[in-house]
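# Descriptive structure summary
What follows is the residue order along each chain.
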Amino acid sequence: MGVSAFAPGRVNLIGDHTDHTGGLVLPLAIQLGTTVVGERGGAVVELTSDHDPRPVVVPLGDAPDLERLPPWGRYVAGVVGELQPSDGFTGRVTTTLPVGAGLSSSAALTVSLALALGAGPDQLALAELCQRAEQRAVGVPCGIMDQLTAVAGVEGSALLIDTGAKQWRPVPIPDQVHVVVVDSGEPRALVDSAYAEIRARCVDGEAVARRHVGSENDRAHQVAELLPESRFDEIGELMVASHRSLADLGVSTPALDSLVERLIATPGVYGARLTGAGFGGSVVVLCRLGALDEGWVAHPSAGAALRSW
Ligand code: GLA
């Protein structure tokens, strides 16, 4: 059967390093994402990619040797291992997401592939499967934010996700503002980064981490309340406070700090902060329409979708 599956990347408006401890996050699925097109059948999953001339081949059933696969192929192996599809697949992966910009290209890959391989319609089960696939593939103990956003994104809205209760609701983004993404140009290497260490500190409740998690949950909750009321100045202050708290936690970099300082000094900008794990990647900005002539406007998109023929 011919199928085409798409999953979006995400940018997180506020609520970072809170999903390790079941906290609140407020991401939006974006217009950029990953598409897997191909045919089901056979005994292997074989994919080609725009970014790599070598095909990735993962046999069904046997645990593949991850070391022999390129990094993106490990995510493929992770999804095959978790989903255990009854049919193989031959196809192609394309993406409009910049890799290493902190916009969840890995979740977009795992979710689009899981759908292409025949994952069921339960949104939470699909997100959890892809979270486990990512943990299995690269050993990063990621939370559920990225996968759930890729699966359950709602057009025009951010998603307020309670990662502990595993419940979410859309929070509409008013028309008078733009969410802009500015890439710091510093590629984020999550696998090699201190992500696992930061997660352990958040879970262990060490003083700085505890202060960050508690205050960040409050900020995410407040932004979700303020956004529908178009109280952008207050939201901007909360975004900047979030960035400073993440910097105290140790996940910012000099490049991200100076980019945020420069952006918040720009007329028409309400607030800016690093987005996602940190350690490089992108800054998310809330601003008046057209206030910035750098970066790109993130349009809140719908979540993953499957077509078959
Ligand atoms: C990465 C992880 C998420 C989350 C963020 C930080 O994107 O995949 O689960 O922990 O970092 O908020």
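Note that this is a predicted model, so its numbers are computed, not measured.

### Considering helix 2 (residues 105–116)
Under the 1.5 Å per step criterion, the end-to-end length of helix 2 is 16 Å for 12 residues, consistent within 8% with the ideal 16 Å. In terms of residue burial, helix 2 counts as a mostly covered element, since 11 of its 12 residues are buried. Along helix 2, the residues classified as buried are Ser106, Ala107, Ala108, Leu109, Thr110, Val111, Ser112, Leu113, Ala114, Leu115 and Ala116. Count one or two residues on from helix 2 and you reach Gly118, which has phi positive near 110°.

### Notes on the sheet that holds strand 9 (residues 177–183)
Strands sit in the order 10-11-9-12 across an open sheet of 4 strands; the sheet is antiparallel. Strands with a single pairing partner mark the edges of an open sheet, and in this sheet they are strand 10 (269–274) and strand 12 (296–297). Strands strand 9, strand 10 and strand 11 (282–288) of the sheet are contacted by helix 7 (residues 232–249), whose axis makes an angle of about 25° with strand 10.

### Let's talk about empty space enclosed by the protein
Going through the model one piece at a time under the given rule, you end up with 1 cavity of 30 Å³ or more. Space inside the largest cavity adds up to approximately 140 Å³. Along the walls of the largest cavity sit 15 residues, with Arg10, Asp19, Met145, Asp146 and Tyr195 positioned nearest its centre. Residue composition of the lining of the largest cavity, by class: 5 nonpolar, 5 polar and 5 charged.

### Remarks on the pattern of salt bridges
Following the criterion strictly, the structure yields 15 salt bridges and no others. Here Arg169 and Glu225 are joined by a salt bridge, their closest N and O atoms 3.8 Å apart. In this pair, Arg169 sits in strand 8 (residues 167–172) while Glu225 sits in helix 6 (residues 207–226), placing the two residues 56 residues apart along the sequence. Arg273 is paired through a salt bridge with Glu216; the nearest N and O atoms lie 3.6 Å apart. Separated by 57 residues along the polypeptide, Arg273 in strand 10 and Glu216 in helix 6 bring together distant segments of the chain. The pair formed by Arg273 and Glu216 is uniform in burial state, with each residue classed as buried. Residues joined in a network through salt bridges with shared partners are Asp16, Glu216, Arg219 and Arg273.

Conventions adopted
Residues numbered from 1 in each chain as written. Predicted model: local features only at pLDDT ≥ 70, side-chain atom pairs only at ≥ 80, totals over all residues. Heavy atoms only, no water. Helix = DSSP H or I, 4+ residues; strand = E, 2+ residues; numbered from the N terminus. Expected span 1.5 Å × (residues − 1). Buried < 20%, exposed > 50% of the residue type's maximum accessible area, 1.4 Å probe, protein only. Pairing = 2+ DSSP bridges. Contact = heavy atoms within 4.5 Å. Axes fitted to C-alpha atoms, helices over the stretch in contact; angles between N-to-C directions. 1 Å grid on protein atoms, 1.4 Å probe; cavity = no way out; pocket = protein on both sides within 12 Å on 5 of 7 lines; lining within 4 Å. Points joined across faces, edges and corners; volume = space filled by probe spheres on them. Nonpolar A, V, L, I, M, F, W, Y, C, P; charged D, E, K, R; others polar. Salt bridge = Lys/Arg side-chain N within 4 Å of Asp/Glu carboxyl O.

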